[in-house]
Amino acid sequence: MKMLQRVIVVFVLYLLISPSWARLPIGVIKLKIQPAPELRLKDLNGKVTDLKEYRGKWVMVHFWASWCRPCRKEMPKIQTMSKKLVPRYLELILVNTAENEDRVFDFLPFVAPDLKTLLDKDGKVTAAWGPRGLPSSFIVDPRGRLQYVAVGDRDWDTPEYMNFLRSLSKKR
């Protein structure tokens, strides 16, 4: 019994003293480090954005679609998170997957009016990134490498996720 108590005490101490970035929020998965796929798309105004422009910064690349119920639920949380963290701690690139401008324009202003999105009309960029489902958020490091992924609706506006995203800026 004393041995079990010691193990519990050591475990609790570990959790208390380990850095917050060492513990990933629920649903965030550490990836095998590899270069991020190409990402060069236009937004609703025709302006081209290229992921390469963001070298030197942490970037969240978020794939979504208006027909996706978890995406609809998550988008206001991403907007709240972006107001607090972008651009100080990371950059945010939203990628709408295989929908036309009208569909995106009818949706986004009502759930996240402050966010801008890129359009992957033919789905080729999304296919190259290979999300296992929607929504999916990839975290790209300042050197352009994939570091983390989160699949499904996440509470990006909660302290657990916000602290994780803030901690990235301390890692180069």
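So, here is what we can say about the structure in this document. (Residues numbered from 1 in each chain as written. Predicted model: local features only at pLDDT ≥ 70, side-chain atom pairs only at ≥ 80, totals over all residues. Heavy atoms only, no water.)

Our focus in this paragraph is the overall build of the protein chain. Along the protein chain, the regular secondary structure elements total five helices and eight strands. Shown N-terminal to C-terminal, the secondary structure of the protein chain runs as helices and strands in the order α-β-β-β-β-α-β-α-β-α-β-β-α. Here the protein chain holds 172 residues, and 45% of them are scored as buried. In the protein chain, the share of contacts with a sequence separation of at least 24, taken over all contacts with a separation of at least 6, comes to 71%. For the protein chain, the computed accessible surface area is about 10000 Å², with 57% contributed by carbon and sulfur atoms. (Helix = DSSP H or I, 4+ residues; strand = E, 2+ residues; numbered from the N terminus. Buried < 20%, exposed > 50% of the residue type's maximum accessible area, 1.4 Å probe, protein only. Contact = heavy atoms within 4.5 Å. Areas by Shrake-Rupley, 256 points an atom, 1.4 Å probe, with all protein chains shown as cover.)

Looking now at the pattern of salt bridges. Using the criterion set out here, one finds nine salt bridges in the structure. Two residues, Glu38 and Lys52, come together in a salt bridge whose shortest N-O distance is 3.6 Å. Here Glu38 is found in the loop between β1 (28-35) and β2 (40-43), whereas its partner Lys52 is found in the loop between β3 (48-50) and β4 (59-64), with 14 residues between them in sequence. Given a relative accessible area of 48%, Lys52 falls into the partly exposed group. (Salt bridge = Lys/Arg side-chain N within 4 Å of Asp/Glu carboxyl O.)

What follows covers the layout of surface pockets. Its volume calculated, the largest pocket comes out at about 380 Å³. Along the walls of the largest pocket sit 17 residues, with Tyr54, Leu92, Leu115, Lys116 and Thr117 positioned nearest its centre. Mapped onto the lining of the largest pocket, the elements with two or more residues apiece are α2 (69-85), β5 (91-97) and β6 (117-120). In terms of residue count, the dominant contributor to the lining of the largest pocket is β5 (four residues). The class makeup of the residues in the lining of the largest pocket is seven nonpolar, four polar and six charged. A volume near 210 Å³ is recorded for the second largest pocket. Along its surface, the second largest pocket is lined by Asp43, Leu44, Asn45, Phe105, Leu108, Pro109, Ala112, Pro113, Asp114, Leu115, Lys116 and Thr117. The biggest single contributor to the lining of the second largest pocket is helix α3 (residues 101-111), with three residues. Considered class by class, the residues forming the lining of the second largest pocket number seven nonpolar, two polar and three charged. (1 Å grid on protein atoms, 1.4 Å probe; cavity = no way out; pocket = protein on both sides within 12 Å on 5 of 7 lines; lining within 4 Å. Points joined across faces, edges and corners; volume = space filled by probe spheres on them. Nonpolar A, V, L, I, M, F, W, Y, C, P; charged D, E, K, R; others polar.)

Another aspect to go through is the sheet that holds β5. Reading across the sheet, the eight strands line up as β1-β8-β7-β4-β5-β6-β2-β3 and stay open at both edges, with mixed pairing between neighbours. Sheet topology places β1 and β3 at the edges, where each strand pairs with a single neighbour. Here the average twist between neighbouring strands, direction ignored, is 30°. One ladder, built from four bridges, connects β5 with β6; its direction is parallel. From the neighbouring strand, Val95 faces β6, where its bridge partner is Leu118. Contacting β4 and β5, α2 crosses the sheet at an angle of about 160° to β4. Relative to β6, α3 is tilted by about 150°, and along the sheet it contacts β4, β5 and β6. (Pairing = 2+ DSSP bridges. Axes fitted to C-alpha atoms, helices over the stretch in contact; angles between N-to-C directions.)

Moving on to the environment of Gln79. Examined against the element boundaries, Gln79 turns out to sit in helix α2. Sequence spacing of Gln79 and Val111 is 32 residues, and the spatial spacing of their C-alpha atoms is 8.8 Å. Not counting residues up to four positions away in its chain, the partners in contact with Gln79 are Ala112, Pro113, Asp114 and Leu115.

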